[in-house]
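# An overview of the molecular structure
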Amino acid sequence: MKANSYVSADRIRSDFSAAMSAMYREEVPAYGTLMALVASVNDETLAADPHLKARLEATDTLDRISEERHGAIRLGTPEELSMMRRVFAVMGMYPVGYYDLSTAGVPVHSTAFRPVGAQSLNRNPFRVFTSLLRLDLIADAALRAEAAEVLAARKIFTDEAVTLVEKAERNGGLDTVDAARFVAQVLETFRWHDHAIVSTDMYKRLHDAHRLIADVVSFKGPHINHLTPRTLDIDKVQARMPQEGIAPKAVVEGPPTRTCPILLRQTSFKSLEEPVSFIAADGSWQEGSHTARFGEIEQRGVALTPKGRALYDQLLNETRVRVRPAADGSNAGEYEAVLTDVFKTFPDDWDGIRQARLGYFRYSLTEKGSRVTGRSADLETAIEAGLIQFDPIVYEDFLPVSAAGIFQSNLGDDAAQDFVASPNQVMFERDLGASVLDEFAHYAGIERASLEMCLGIVNMAVAAE
Ligand code: OOG
Ligand code: NI
């Protein structure tokens, strides 16, 4: 078979993302409600802000928004993680970033599988936040051994999924028929199972150690635990959720409401208590329940440079020293007021953010700039003369603090537990079978490439004179 008859990885990822969305909508009806709400708020936002719409169109990033979503899974073993990496590679998704969640009292560490090239991102930016359980953080040695045994015995991928991954690796792609089979087979891994693979007693002991440990170990596979659409106005969606019968958590995670959005703001509705059958002592099924799956929405802003990120972290810490958001929402108003106040230090206009080198931007020639000849221009002069324009580069990753807030809100206050912070990227990458990409290097690369193109053309015009 010739290479050009293969389906592109971008296409497989788009198909997979659509299939996942259809499956989750059926499994969790509130997700469908949320999708509809987000779509109408996005339409309203674009209608009210023609400039935003024009810039999204000009940068080829408008169409992706309605298709945009991220999911999350939690894996149990190094073998599962490395196989998952190979599965995602077939869809053009690569591990970016290392997140240590132990600092937030959650015994996992994680990466985000996502497309990396600008073109692939614009085609479909589907991402999956993928965590690996850290059994080394379970104190009880007997329970640790039992959990390891259960995990070692389960198979989360179908045989055909594995065969198709091997085939794609061998041949450098999949044809139409195989790509469709691949999507269907891989989807099985993310499906919800209402029959556990452990006894009621073991579930309880795992749950007592940490709710998340029970969530990973008790099931046949790593059910997708949420699927998050991207909104252009998270405050509006948050305010309208109750009218749609959905109860959001009290505060939006991340930065405050701003004119120029930065990084990532997220909110969620609490996980559902769902019926699950556990194995009884006599081998029959025993009714019980488990809470894992929830709903989330997000608004994405500009990617920050290390300097911008440090300022963000500092301001968020300052806020939390002054007031901590209570899980019951009782001080939500106060928290938001303090957050807004503290963040006044962070410039809130695109040029201010750019000039202070707090965020990453994509530069391009304006219409006037592409017509000009013989104008010698350094970047700032060219911008002032209206020859070069800049657009914020979207943050494509996650925020560990946000992630922890969402994790925690779904675990309840009682589940907050202290682990000694113990990032172990070396162990994670060994288990993954690859190293993770550095997100900052990625954004800096996009910015640099855009700049070189602009300045090159302007300077070429100068040289040609
Ligand atoms: C993942 C939570 C992280 C986000 O949006 O930050 C995440 C999980 O609960 O497994 O999805
Ligand atoms: Ni999420």
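Residues numbered from 1 in each chain as written. Chains lettered and ligands numbered in written order. Predicted model: local features only at pLDDT ≥ 70, side-chain atom pairs only at ≥ 80, totals over all residues. Heavy atoms only, no water.

On to the sheet that holds strand β9 (residues 285–291). Taken in spatial order, the 3 strands of this open sheet run β5-β8-β9, and their pairing is mixed. Each edge of the open sheet is held by one strand with a lone partner, namely β5 (195–199) and β9. If you compare each strand with its neighbour and ignore which way they point, the axes differ by 45° on average. Across the sheet, helix α10 (residues 200–209) touches β5, β8 (273–279) and β9, and the angle it forms with β5 is around 85°. (Pairing = 2+ DSSP bridges. Helix = DSSP H or I, 4+ residues; strand = E, 2+ residues; numbered from the N terminus. Axes fitted to C-alpha atoms, helices over the stretch in contact; angles between N-to-C directions. Contact = heavy atoms within 4.5 Å.)

With that settled, consider the packing of helix α5 (residues 78–90) against helix α8 (residues 159–171). α8 packs onto α5 with a crossing angle of 60° between their chain directions and a minimal axis gap of 10 Å. As summarised for this structure, α5 and α8 are arranged oblique, according to the angle between their axes. As α5 packs across α8, the resulting crossing turns out to be left-handed. Across the interface between the two elements, Met83, Arg86, Val87 and Val90 from α5 touch Val162, Val165, Glu166, Ala168 and Glu169 from α8. Here the contact of α5 with α8 is built from residues that sort into 6 nonpolar, no polar and 3 charged. (Parallel < 35°, antiparallel > 145°, perpendicular 65-115°, else oblique. Left-handed = near helix turned anticlockwise from the far one by under 90°. Nonpolar A, V, L, I, M, F, W, Y, C, P; charged D, E, K, R; others polar.)

Of note in the backbone geometry, Leu263 takes a positive phi value of approximately 50° without being a glycine. Residue position: Leu263 is located in the loop between α12 (234–240) and β7 (264–269). The residue Arg357 is not glycine, and still its phi comes out positive at about 55°. By the secondary structure assignment, Arg357 is in the loop between α15 (350–355) and β11 (361–365).

This next bit is on the sheet that holds strand β2 (residues 94–100). Taken in spatial order, the 5 strands line up as β2-β3-β4-β1-β6 in an open sheet, and their pairing is mixed. Among the strands making up the open sheet, the edge pair consists of β2 and β6 (227–229). Taken over all neighbouring pairs, the strand axes of this sheet differ in orientation by 20° on average, direction set aside. In terms of strand pairing, strand β1 (residues 69–75) meets β6 through 3 bridges, oriented antiparallel. From the neighbouring strand, His70 faces β6, where its bridge partner is Thr228. On the sheet, helix α19 (residues 425–432) packs against β2, β3 (108–114) and β4 (127–133) and is oriented at approximately 55° with respect to β3.

Right, let's get into the nonpolar core. Core analysis: the biggest nonpolar cluster contains 42 residues, and Ile12, Phe16, Met20, Met91, Phe182 and Phe190 have the highest contact counts within it. For this core, the secondary structure elements donating two or more residues are α1 (9–27), α2 (29–48), β1, α5, β4, α8, α9 (176–189) and α19. Take this core: its biggest share by element is 6 residues, from α5. In this structure Ile12 touches Val7, Val90, Met91, Leu174, Ala179, Phe182 and Val183, once residues within four positions along its chain are discounted. Ranked by size, the runner-up nonpolar core spans 38 residues in total, among them Leu304, Tyr312, Leu379 and Ile393. (Core = buried A, V, L, I, M, F, W, Y, C linked by side-chain atoms within 4.5 Å. Buried < 20%, exposed > 50% of the residue type's maximum accessible area, 1.4 Å probe, protein only.)

Turning our attention to the packing of helix α7 (residues 141–153) against α10. At their nearest, the axes of α7 and α10 sit 11 Å apart, and the two run at 120° to each other. Crossing of α7 over α10 shows left-handed handedness. Between α7 and α10, the residues in contact are Leu143, Glu146, Ala147 and Val150 and Met202, Arg205, Leu206 and Ala209, respectively. Partitioned by chemical class, the residues of the contact of α7 with α10 number 6 nonpolar, no polar and 2 charged.

As a further point, take the domain arrangement of the protein. Taken domain by domain, the protein holds domain 1 (3–298 + 396–434), domain 2 (304–349) and domain 3 (360–393 + 438–465). The C-alpha-based centres of domain 1 and domain 2 are spaced at 26 Å. The junction of domain 1 with domain 2 conceals about 1,400 Å² of combined surface from both sides, 64% of it contributed by carbon and sulfur atoms. Among the residues domain 1 hides against domain 2, the three largest losses belong to Val251, Pro256 and Arg258. Together they make up 31% of the total. Ionic pairing is found between Asp348 and Arg258, a salt bridge with its closest N-O pair at 3.3 Å. (Domains from an automatic or database assignment. Buried area = accessible area lost by both parts, 1.4 Å probe. Salt bridge = Lys/Arg side-chain N within 4 Å of Asp/Glu carboxyl O.)

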